[in-house]
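# Structural description and commentary
Letter by letter, the chains look like this.
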Amino acid sequence: MSSLKELCSGLPLDPLPLNRGRDPDVPHAPMRTPNLTAEEERFPQELVTYGGNGQVFSNWAQFCLVMHYLSEMTEDQTLVMYSGHPMGLFPSLPSSPRAIITNGMVIPNYSSRSQYEKMFALGVSMYGQMTAGSYCYIGPQGIVHGTLLTVLNAGRRYLGSGDLRGRVFVTSGLGGMSGAQAKAAVIAGCIGVIAEVDEAPLKKRYEQGWLMEVTSSMDHCIKRIREAKSAKTPLSVGYHGNIVDLWERLLLEYERTGELLVDLGSDQTSLHNPYNGGYYPVQLSFRQANQLMSTDPNRFLTVVQESLRRHIKAVNQLSDAGMFFWDYGNAFLLEAQRAGAEVEKAGAGATEFRYPSYVQDIMGDIFSLGFGPFRWVCTSGDPQDLATTDDIAAAVLEEIGGDATDHIKQQYDDNIRWIREAGKHKMVVGSQARILYSDQKGRVCIALAINQAIADGRVSAPVVISRDHHDVSGTDSPFRETSNVYDGSAFCADMAVQNFVGDAFRGATWVALHNGGGVGWGEVMNGGFGLLLDGSEEAAKRARLVLSWDVSNGVARRCWSGNSNAYETIRHTMEENGQLRVTMPFPVQDECVLDRALQG
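Conventions and cut-offs
- Residues numbered from 1 in each chain as written.
- Predicted model: local features only at pLDDT ≥ 70, side-chain atom pairs only at ≥ 80, totals over all residues.
- Heavy atoms only, no water.
- Helix = DSSP H or I, 4+ residues; strand = E, 2+ residues; numbered from the N terminus.
- Buried < 20%, exposed > 50% of the residue type's maximum accessible area, 1.4 Å probe, protein only.
- Contact = heavy atoms within 4.5 Å.
- Areas by Shrake-Rupley, 256 points an atom, 1.4 Å probe, with all protein chains shown as cover.
- Pairing = 2+ DSSP bridges.
- Axes fitted to C-alpha atoms, helices over the stretch in contact; angles between N-to-C directions.
- Parallel < 35°, antiparallel > 145°, perpendicular 65-115°, else oblique.
- Nonpolar A, V, L, I, M, F, W, Y, C, P; charged D, E, K, R; others polar.
- 1 Å grid on protein atoms, 1.4 Å probe; cavity = no way out; pocket = protein on both sides within 12 Å on 5 of 7 lines; lining within 4 Å.
- Points joined across faces, edges and corners; volume = space filled by probe spheres on them.
- Left-handed = near helix turned anticlockwise from the far one by under 90°.
- Core = buried A, V, L, I, M, F, W, Y, C linked by side-chain atoms within 4.5 Å.
- Phe/Tyr/Trp six-rings, centres within 6.5 Å; stacked < 30°, edge-to-face > 60°.
- Salt bridge = Lys/Arg side-chain N within 4 Å of Asp/Glu carboxyl O.
- pLDDT = per-residue confidence, 0-100.
- Expected span 1.5 Å × (residues − 1).

### Some points on the overall build of the chain
Across its full length, the chain carries 20 helices and 17 strands. In terms of its C-alpha atoms, the chain occupies a principal-axis envelope of roughly 70 × 70 × 65 Å. Here the chain holds 600 residues, and 55% of them are scored as buried. Taking the contacts inside the chain whose residues are at least 6 apart along the sequence as the reference set, 70% of them involve residues at least 24 apart. Accessible area for the chain stands at about 25800 Å²; split by element, carbon and sulfur atoms hold 52% of it.

Have a look at this one:
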C-alpha cells in the first residue's frame, strides 16, 4: 500500500483488489492438497514468514483489518486474535495486554497433520510457527546467534575445543531459519558446507553476503573443503544440490581415502512439514518433487521416506567413522524414525534417538541455567539507537559477569563477543533489532538499563523487548526444548500455557500461545510476549515482573524434573528474591523406600 492512511483504512472494498495469482518470478510455498469440497474452498494468499509455512495471517483481509484496529484502539481495549483472524477489540484495562494471540488451538484428538491442512484451508486455524504468528520475528538474526552458540558449544563438547579453525560443519537448508547456518559457521571460525535444493534461497544468501561461495559441482565442493581444512580458514559454501547426495559423497571419499572430511553434522530442512515442501527427496529434482507432491501426495510420501532412510544410512556410517551429528529440533530424527530409518537407541526413552537433539546434548544445560534468546526492537528505526542499546547490553553483561561462576561467565563472554561484533556482521533485516542469550538477571538488568536510557534521551524512542519462543519457559516440545526433561513430563504442556497466562497478568504488552512451531503441528505448545519500554517507572516495574517470571517458571519446572543445574539456579534466585518460593525436590537417599512403603 502507498501510504499509512491506506494501510490503516481497513478492507479495500471499492474496488476489490485483483487476485493476481502466483507470480512465477518469486518463490512460493508449495501448493497444498487438503481435498476440500467446492463449498469448503477458499483462496487465502500466502503470508509465510519463515519455516516453510509459518504465517502471521492466513490472508490479506486479516492483515488489513488488524492494521485498521491497531490504528484506532485505545488503552482500554485489547485486540483478540484467533489463528490470524481478528475477532475484534474488546474492553479491558490499561494494565491488560493490548493483544492476545492464539494460533492453532485445536482439540488434542484433532491436532493431526491432515486435519491441520483442512482447517488451514478453511481459514479456521493457522500454523504460526513460533515468532511469526506472535509478531516477534526479527529475521534470521535470531537463528544466526542461536546457531553460533550451538556450534561453539558443540565444538567444546564433542571436539574438546571452542577453536574451530579447520573444522568442517555439514548441514542442509538455506531458508528463513536455516539460512543462518552459513553466517554462523564463519563467525564461529569453521568451514560450513550447506546443501540447498532450491536456487532462490541459495542465491539470496549469496547476494546478502551470508554465503561466501556457491557451487553446483560436487567435485568442486569437495576440493574447497580440503583446501579450507588445510589452510584453516573460515569458509561458507552453498552446495546447490541434495543433502543426501552430499552425505553419500563424503562417505565415498572416506571409503576411498580414509580421510574424514566432516567433523560436525546436522540438518535444518523443514521436516516439521515433510510432505508439503519441507523436505525434498534425493530421487527427484526440485521441479519433479514440487509436481509430485501436488499430483500424487501418497506416492510423494513414499519417496520422501525412502530418501530419509538413505539419508540416515550415510549419516550413520560417517558417525561410526568419527563425525559428531545432532538433531537440530526440526523433527529430522522423528520423521526418520517414522520412515523406518535406523535411528533407534537401545533402552532409550520416548524422546531419545541414536543421536541427541541439540537441546539434550548442547543447549539444554544453557536453558537450565536460565539462558535463552532475549531480544529487543528499537521502534525509532534508527541504527544509532540500536548501536546505543548494543553498548548498554554489553556493558551490563560485563558488569554482572564479574561475580559469576565459570560456567555462567562462559555464556556471558560468548554473548559479549556476539554483541560487540554484531554491527560488523550486518545482522539487521528490516527492524532495528538485536538478540542475545542471557539469564534472568541479565535480561532484567539490560531491560532496566535500556528503559533508563529512553528516560534520559540517550535512546530516542520506545524499545520493545521480547524473546524467541524457543526458550527456557516458552515451549513444551518433547523432541526439542524439553527433550532433556526426563521425569515423564516431557509431553505435558503446563509450562508453556502457564507462561502465556503469567506474562499476561504481570504486564506484557502482548502475549501469544501456539500449537506447533519448530518440530511441527501437534508436536509442540509454545508462547511468547512483547513488552514496551517507554522510559517510565511503570515500564520498569512490568519488565522486572515479566522477565523474572518468564525465566523462573521454566527453571523451576526443570529443577523439579531433577536437573541439577536448574536446582542450583532456582535456589540462587530464591536467595536473591525473598518473595520467590519454589517447591524443591529432594534426592532419594534409599532406593528401596518405595518398595517397603508399598509392602506395608
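What follows picks up the thread again.
### Some details on the sheet that holds strand β11 (residues 324-325)
Taken together, six strands build an open sheet; the order of strands is β8-β9-β7-β6-β10-β11 and the sheet is parallel. Only two strands of the sheet have a single neighbouring strand rather than two, namely β8 (213-215) and β11. One ladder, built from six bridges, connects strand β7 (residues 191-196) with strand β9 (residues 235-240); its direction is parallel. Bridged to glycine 192 within β9 is serine 236. Its contacts with the sheet place helix α8 (residues 243-257) against β6 (168-172), β7, β9, β10 (264-265) and β11, and it is angled at close to 150 degrees to β6.

### A short note on the packing of helix α10 (residues 286-295) against helix α11 (residues 297-320)
Between α10 and α11, whose axes approach to 6 Å, the crossing angle comes to 130 degrees. Relative to α11, the element α10 lies oblique. Counted together, Ala289, Leu292, Met293, Ser294 and Thr295 of α10 and Pro297, Arg299, Phe300 and Val303 of α11 form the full contact between these two elements. Within the contact of α10 with α11, the residues separate by chemical class into six nonpolar, two polar and one charged.

### Let's talk about the pairing of β7
A large share of β7 lies buried, amounting to six of its six residues. Burial along β7 is two-sided: Ile191, Val193 and Ala195 and Gly192, Ile194 and Glu196, pointing in opposite directions, are all buried.

### Points about the layout of surface pockets
Computed from the structure, the second largest pocket encloses a volume of approximately 1100 Å³. Looking at the second largest pocket, it is lined by 39 residues, and the ones nearest its centre are Gln440, Thr569, His572, Thr573 and Glu576. Breaking the lining of the second largest pocket down by element, the ones donating at least two residues are α15 (406-421), α16 (440-456), α18 (537-560) and α19 (564-576). Looking at which element gives the most residues to the lining of the second largest pocket, the answer is α18, with eleven residues.

### Let's talk about the packing of helix α14 (residues 383-401) against α16
Close contact between α14 and α16 brings their axes to 9 Å; oriented N to C, the two are set at 135 degrees. In terms of their interaxial angle, α14 and α16 are classed as oblique. In this structure, α14 meets α16 at a crossing whose hand is right-handed. Facing α14, whose interface residues are Thr389, Ile392, Ala393, Val396, Leu397 and Ile400, α16 presents Lys441, Gly442, Cys445, Ile446, Ala449, Ile450 and Ala453.

### Here we look at unusual backbone geometry
Even without being a glycine, tyrosine 135 presents a positive backbone phi close to 60 degrees. Position of tyrosine 135 relative to the elements: it lies in the loop between α3 (113-122) and α4 (141-159). Positive phi values are uncommon outside glycine, yet lysine 232 reaches one of about 55 degrees.

### As for the pairing of strand β12 (residues 372-378)
Burial runs high along β12: six of the seven residues are buried. Both β12 and strand β13 (residues 432-438) contribute to a ladder of seven bridges, which runs antiparallel. The residue of β13 that forms the bridge with phenylalanine 374 is leucine 436. Where β12 meets strand β14 (residues 463-467), five bridges bridge the pair, whose relative direction is antiparallel. Its bridge partner lying in β14, cysteine 378 is registered against valine 463.

### Regarding the nonpolar core
Of all hydrophobic cores here, the largest spans 81 residues; its most connected members are Trp326, Trp376, Trp418, Leu436, Ile446 and Ile465. Ignoring sequence-local partners within four residues, the contact set of isoleucine 446 consists of Phe374, Trp376, Ala393, Val396, Leu397 and Leu436.

### Details of the packing of aromatic side chains
A full pass over the atoms with the stated rule returns 17 aromatic pairs. Summarising the aromatic geometry, the rings of phenylalanine 353 and phenylalanine 479 are spaced 5.9 Å apart at their centres and angled 35 degrees between planes, so their arrangement reads as tilted. Within this pair, whereas phenylalanine 353 is found in the loop between α12 (332-338) and α13 (358-368), its partner phenylalanine 479 is found in the loop between β15 (475-476) and α17 (494-506), the two being separated by 126 residues in sequence. The buried category is assigned to phenylalanine 479, whose relative accessible area is 12%. Every member of this aromatic cluster is reached through a ring pair, and the members are Phe57, Trp60, Phe63 and Tyr135.

### Thoughts on the pattern of salt bridges
Between side chains of opposite charge, a pair can form as their charged atoms come close. This model, assessed by the stated rule, comprises 34 salt bridges. In this structure, glutamate 259 engages arginine 226 in a salt bridge whose closest nitrogen and oxygen atoms are separated by 2.9 Å. Within this pair, whereas glutamate 259 is found in the loop between α8 and β10, its partner arginine 226 is found in helix α7 (residues 218-231), the two being separated by 33 residues in sequence. The partly exposed category is assigned to glutamate 259, whose relative accessible area is 31%. Among the ionic pairs, arginine 544 bridges to glutamate 537, the shortest N-O distance being 3.5 Å. The class of arginine 544 is partly exposed, set by a relative accessible area of 37%. Given a relative accessible area of 54%, glutamate 537 falls into the exposed group. Where salt bridges share partners, they join Asp219, Arg226, Arg249, Glu253, Arg256 and Glu259 into one cluster.

### With respect to the environment of isoleucine 187
Within the secondary structure, isoleucine 187 sits in helix α5 (residues 180-188). Classification of isoleucine 187 as buried rests on a relative accessible area of 9%. Placed 48 residues apart in sequence, isoleucine 187 and leucine 235 show a C-alpha to C-alpha distance of 9.6 Å. Excluding anything up to four places from it in sequence, isoleucine 187 contacts Val144, Leu148, Arg417, Trp418 and His425.

### Overview of the confidence of the model for the chain
Mean pLDDT over the chain stands at 89; residues scoring 70 or higher make up 94%. Long-range and interchain partners of residues 38-44, a stretch whose pLDDT sits below 50, account for seven contacts in this model, where long-range means more than four residues apart.

### What about α15?
With 16 residues, α15 should reach 22 Å at 1.5 Å per residue; the first-to-last C-alpha distance of 22 Å fits that figure. If you check which residues of α15 are buried, you get Ile408, Gln411, Tyr412, Asp414, Asn415, Ile416, Trp418 and Ile419.

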